[in-house]
Structure formats: structure tokens, C-alpha cells
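Here is what each chain is made of, one letter per residue.
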Amino acid sequence: IMFGKGKGGLEQAFLDYNTLLLESDHQVTTLYQPGAYIEEALKKQDVKACPVSNWGKWDLWSMYQIRRLILQEKPDAVIVHGNRALALTPPIENIPLIAVAHNYSLDHFTKADWGVGVTKALARALNLKGVRQTHHIPNMLPLTKPYEGFQPWEGVPVIGAWGRFV
């Protein structure tokens, strides 16, 4: 679940999570804001895309729609990205709620069963906020070939400088 409309890190992380879950042979159902920038990208992914309009963190109609869709889909877990998505998503018994923190606005995170920080500092902040289980999963980068690391230098590296040292 992600309700960002723009073109930024939150939206990219949402798409990356979808890709990773699909590559791991999971079925993915996404809830997103209609008209969002990622709408075209979602059409290219093999996901069930469900647009859910909302008017802010306290939109009761959206909360009802989200709860209804979750109960209808019966997921193994619900992953939310962003504060609005977390605020609007009700905890449902026997369905773990996993909240991914992309910034330090952590007001609603205590209702999550698991918290994921995209940095180690965010994961620590979630832990200090009182989230029961916290993990660090950095933003993902697609790799076209296995990472081989840097090749060591042969001999002594030469570092040059040109300029006026005042």
C-alpha cells in the first residue's frame, strides 16, 4: 500500500518491493492513489492494482475500503510505504502489518507489527519509538550481473592535483 502521487524515492521503493516479491514467486496486490505517477509502471508489473482514492490521513471512507480489500484478498502480510498509507491501514488480526519508514515522521508506526527502516538510523529510531520488531532493509538497486567488487590496484596509485593552494 502506497499513496504517494509523485516521482520520488517512496514510489521507487514501492515498485522495487513489488519486483522483488514477484521475482520470489509471490502474488502481489497493490493499493495506490489513482492518477499517481507510478500508475503506468504498475500496469507493466504482474500485480493486481487497486486504486483507492483518499483525502488525507483521517479519511474514514478510505479506511473502510482498505480494510474491505485486505479482508477480501486475505494476504499473508500487508506492507505499507509512507505515513498516509500507514495511518489509513487498520491492523487486522492474524495479518502482519509491515511498515517501511522512509523518513523520521514515525507517529503511526507503533501500530505496525514490524518496522523496516531504509537506513540503520531509521531502524534504530523505530526501535526507540516502540515498534516491536525492527529491521534494516536498504533501498534496492537492480543488478544485471553479480557484484564482483572493486579490482585492487596493481602497484601504488598515483593521485594528482592541479591548482593554487592558498
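See the structure printed just above.
A brief look at the structure comes next. Only a predicted model underlies this, so the values are computations on that prediction, with no experimental measurement involved. (Residues numbered from 1 in each chain as written. Predicted model: local features only at pLDDT ≥ 70, side-chain atom pairs only at ≥ 80, totals over all residues. Heavy atoms only, no water.)

### Side note on the environment of I137
Logical step 1: Relative to the helices and strands, I137 is located in the segment after β6 (133-136).
Logical step 2: Placed 89 residues apart in sequence, I137 and K48 show a C-alpha to C-alpha distance of 24 Å.
Logical step 3: Look past the residues within four positions of I137 in its chain and what remains in contact with it is Y17, V116, G117 and V118. (Helix = DSSP H or I, 4+ residues; strand = E, 2+ residues; numbered from the N terminus. Contact = heavy atoms within 4.5 Å.)

### So, helix α3 (residues 60-73)
An α-helical turn contains 3.6 residues, so any two residues separated by three or four positions project in the same direction.
Logical step 1: Taking 1.5 Å of rise per residue, the 14 residues of α3 would be expected to cover 20 Å, and the 20 Å separating its terminal C-alpha atoms lies within 8% of that figure.
Logical step 2: Turning to α3, its buried residues are S62, Q65, I66, L69 and I70. All buried residues of α3 project into a common sector of 130° when viewed along the axis, lining one side. Within α3, the exposed residues directed more than 90 degrees away from the buried face are L60 and W61.
Logical step 3: Considering only its buried residues, α3 is in contact with β1 (29-32), β2 (48-51), β3 (78-81) and α4 (83-88).
Logical step 4: One side-chain oxygen of the residue at the start of α3 lies 3.2 Å from the amide nitrogen of W61, identifying that residue as D59.
Logical step 5: Positive phi shows up at K74, right after α3, with a value of about 50°. (Expected span 1.5 Å × (residues − 1). Buried < 20%, exposed > 50% of the residue type's maximum accessible area, 1.4 Å probe, protein only. Arc of directions from axis to C-beta. Polar contact = N/O pair within 3.5 Å; in protein donor to acceptor, adjacent residues only side chain to side chain.)

### Some remarks on the layout of surface pockets
Logical step 1: Counted as a void, the largest pocket has a volume near 790 Å³.
Logical step 2: Taken together, 28 residues make up the lining of the largest pocket; nearest its centre are L21, Q27, V28, P75 and A77.
Logical step 3: Elements with a contribution of two residues or more to the lining of the largest pocket: α1 (9-23), β1, α3, β3 and β5 (114-117).
Logical step 4: Per-element accounting of the lining of the largest pocket gives the leading share, five residues, to α1.
Logical step 5: Here the lining of the largest pocket is built from residues that sort into 17 nonpolar, six polar and five charged.
Logical step 6: If you add up the space inside the second largest pocket, you get close to 160 Å³.
Logical step 7: Lining the second largest pocket, in full, are D16, T19, L20, E23, M140, L141 and P142.
Logical step 8: In terms of residue class, the lining of the second largest pocket is made up of four nonpolar, one polar and two charged. (1 Å grid on protein atoms, 1.4 Å probe; cavity = no way out; pocket = protein on both sides within 12 Å on 5 of 7 lines; lining within 4 Å. Points joined across faces, edges and corners; volume = space filled by probe spheres on them. Nonpolar A, V, L, I, M, F, W, Y, C, P; charged D, E, K, R; others polar.)

### Description of the pairing of β1
Logical step 1: Pairing analysis gives four bridges linking β1 to β2, with the strands arranged parallel. Across the sheet, the residue bridging to L31 is C50, located in β2.
Logical step 2: For the crossover that starts at β1, traverses helix α2 (residues 39-44) and ends in the parallel β2, the hand is right-handed. (Pairing = 2+ DSSP bridges. Right-handed = clockwise from strand over helix to strand, strands pointing away.)

### Let's talk about the nonpolar core
Soluble globular proteins tend to bury their nonpolar side chains together.
Logical step 1: One finds I1, I66, V80 and F109 to be the most contacted residues of the largest nonpolar core, which totals 30 residues.
Logical step 2: Elements represented by at least two residues in this core include exactly α3, β3, α4, β4 (97-101) and α5 (120-129).
Logical step 3: A per-element tally of this core places β4 first, with five residues.
Logical step 4: Sequence-distant contacts of I1, that is, excluding residues within four places in its chain, are made with F14, L31, I66, I70, V78, I79, V80, H81, A85 and T89.
Logical step 5: Ranked by size, the runner-up nonpolar core spans nine residues in total, among them M2, F14, A36 and L42. (Core = buried A, V, L, I, M, F, W, Y, C linked by side-chain atoms within 4.5 Å.)

### A look at the sheet that holds β4
Two modes of strand pairing occur in sheets, parallel and antiparallel, and in both the strands are linked by backbone hydrogen bonds.
Logical step 1: Read from one edge to the other, the open sheet built from four strands follows the order β3-β4-β5-β6, with strand pairing classed as parallel. Of all the strands in the sheet, the pair left with one neighbour each is β3 and β6. Adjacent strand axes in the sheet meet at a mean angle of 25° when their direction is disregarded.
Logical step 2: Pairing between β3 and β4: four bridges, direction parallel. In the strand pairing of β4, H81 is matched with V100.
Logical step 3: Contacts between α5 and the sheet are confined to β4, β5 and β6, with β6 contributing the most and set at about 175° to the helix. (Axes fitted to C-alpha atoms, helices over the stretch in contact; angles between N-to-C directions.)

Bear in mind that shape data such as this cannot, by itself, settle questions of function.
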